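What follows is each chain in one-letter form.
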Amino acid sequence: MDFKDKTVIVTGAARGIGRVIAERFARLGAAVVVNDLDQEAVDSVARELGGQAIGIRADVTSTAEVKDLFDKTLERFGRIDVLVNNAGVTRDGLLVRMDEKDWDMVLDINLKGAFLTTRAAAKFMMKQRSGRIINISSVVGLIGNAGQVNYSASKAGLIGLTKSSARELASRGVTINAVAPGFIETEMTRKLSESARENLISQITLNRLGTPDDIASAVLFLASDDASYITGQVLAVDGGITM
Ligand code: NAP
């Protein structure tokens, strides 16, 4: 795979899965825009990526900041080939005890944020007559999870956004797909007790947690020329949990 002369925006890329996705695109020659909430953090990741990578701070829930993210990207690189909607948060709690503010926050970042960036990217990609958008959903958007009504609703919503926008933009050469990760080795899963971790692993057909690289590989494939006939799909990268 070769992403030379391609411009890729990855949201929420200061750490975790987004950071690894940004690194993998940069290694394959892409000009990467590292987006997250903190300017110092995105600058530092962009420096580590090297090449043409730049960091642009923007809160994906803000229309004005999303506009600024896309304006600055176009000013610097003149095109946008790939958008990866990766920024996401959890605020877990059982349904009957869930605060409205935790519902709103998770839906705002995980779903409205992806709507705002997709809308901004679509305007440009439609004119360009090419583009790839990859939304990072989750297996809990497919099968649900106790304690995550807000998060699973946001990730299921992201699948609806993926399919409807894929239908709208197909005629303009833009494909839109989702990747649904299972349980991935990140800060979150590293904090689990040994017994909770073993219990989790026992539910995974491939008998291990996923890695951020497992997710990045699927994203790179969907962004590549090899995936030009794939749109509106949800690719579960979950070690077999949802089969
Ligand atoms: P992470 O380490 O928490 O990274 C998410 C990044 O998004 C953080 O740097 C965060 O910044 C940033 N962010 C939060 N709100 C933002 C906003 N409004 N605008 C821009 N950036 C924002 O999470 P991760 O585990 O790598 O997960 C990445 C994606 O994969 C998420 O969408 C997540 O839902 C999804 N996913 C993860 C797993 C898993 O097992 N880890 C499984 C399924 C799906 P702050 O640190 O400042 O908040």
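Here the structure is shown first, and the text comes after it.
Reading the values: rules and limits
Residues numbered from 1 in each chain as written. Predicted model: local features only at pLDDT ≥ 70, side-chain atom pairs only at ≥ 80, totals over all residues. Heavy atoms only, no water. Helix = DSSP H or I, 4+ residues; strand = E, 2+ residues; numbered from the N terminus. Rg over C-alpha atoms; globule rule 2.2 N^0.38 Å. Buried < 20%, exposed > 50% of the residue type's maximum accessible area, 1.4 Å probe, protein only. Contact = heavy atoms within 4.5 Å. Lys, Arg positive; Asp, Glu negative; His and termini not counted. Charge placed at Lys NZ, Arg CZ, Asp CG, Glu CD. Patch = residues over 30% accessible without salt bridge, like charges linked within 9 Å, V, L, I, M, F, W, Y side chains within 5 Å. Areas by Shrake-Rupley, 256 points an atom, 1.4 Å probe, with all protein chains shown as cover. Salt bridge = Lys/Arg side-chain N within 4 Å of Asp/Glu carboxyl O.

(A) A look at the overall build of the protein chain. When its secondary structure is counted, the protein chain shows 9 helices and 7 strands. Relative to the globule expectation of 18 Å for 243 residues, the C-alpha radius of gyration of the protein chain, 17 Å, shows essentially globular dimensions. For the protein chain, the spread of C-alpha atoms along the principal axes amounts to about 50 × 40 × 35 Å. Burial statistics for the protein chain: of 243 residues in total, 48% are counted as buried. Residue pairs in contact within the protein chain that sit at least 24 positions apart in sequence constitute 68% of those at least 6 positions apart. For the protein chain, the distance from the average site of its 29 positive side-chain charges to the average site of its 30 negative ones is 5 Å.

(B) Summary view of a nonpolar patch on the surface. A grouping of M1, F221 and L235 is seen on the molecular surface, where their side chains present a nonpolar patch of about 260 Å² in accessible area. Summarising the element assignment, L235 is placed in strand β7 (residues 234–237). What makes L235 partly exposed here is its relative accessible area of 34%.

(C) Structural context of unusual backbone geometry. Phi is positive for D5, close to 70°, though the residue is something other than glycine. Of note, D5 is situated in the segment before β1 (7–10). Backbone geometry at N207 places phi at a positive 65°, although glycine is not the residue there. On the basis of relative accessible area, N207 is assigned to the exposed category, the value being 52%.

(D) Expanded view of the pattern of salt bridges. All chains considered together, the criterion is met by 12 salt bridges. One salt bridge connects D68 with K72, and the closest N-O pair in it is separated by 2.9 Å. Of this pair, D68 and K72 both sit in helix α3 (residues 63–77), 4 residues apart, roughly one helical turn. Linking K101 and D99 is a salt bridge whose minimum nitrogen-to-oxygen distance equals 3.1 Å. Residue classification places K101 among the exposed positions, given a relative accessible area of 56%. A single network of salt bridges, built from pairs that share partners, joins R19, E23 and E48.

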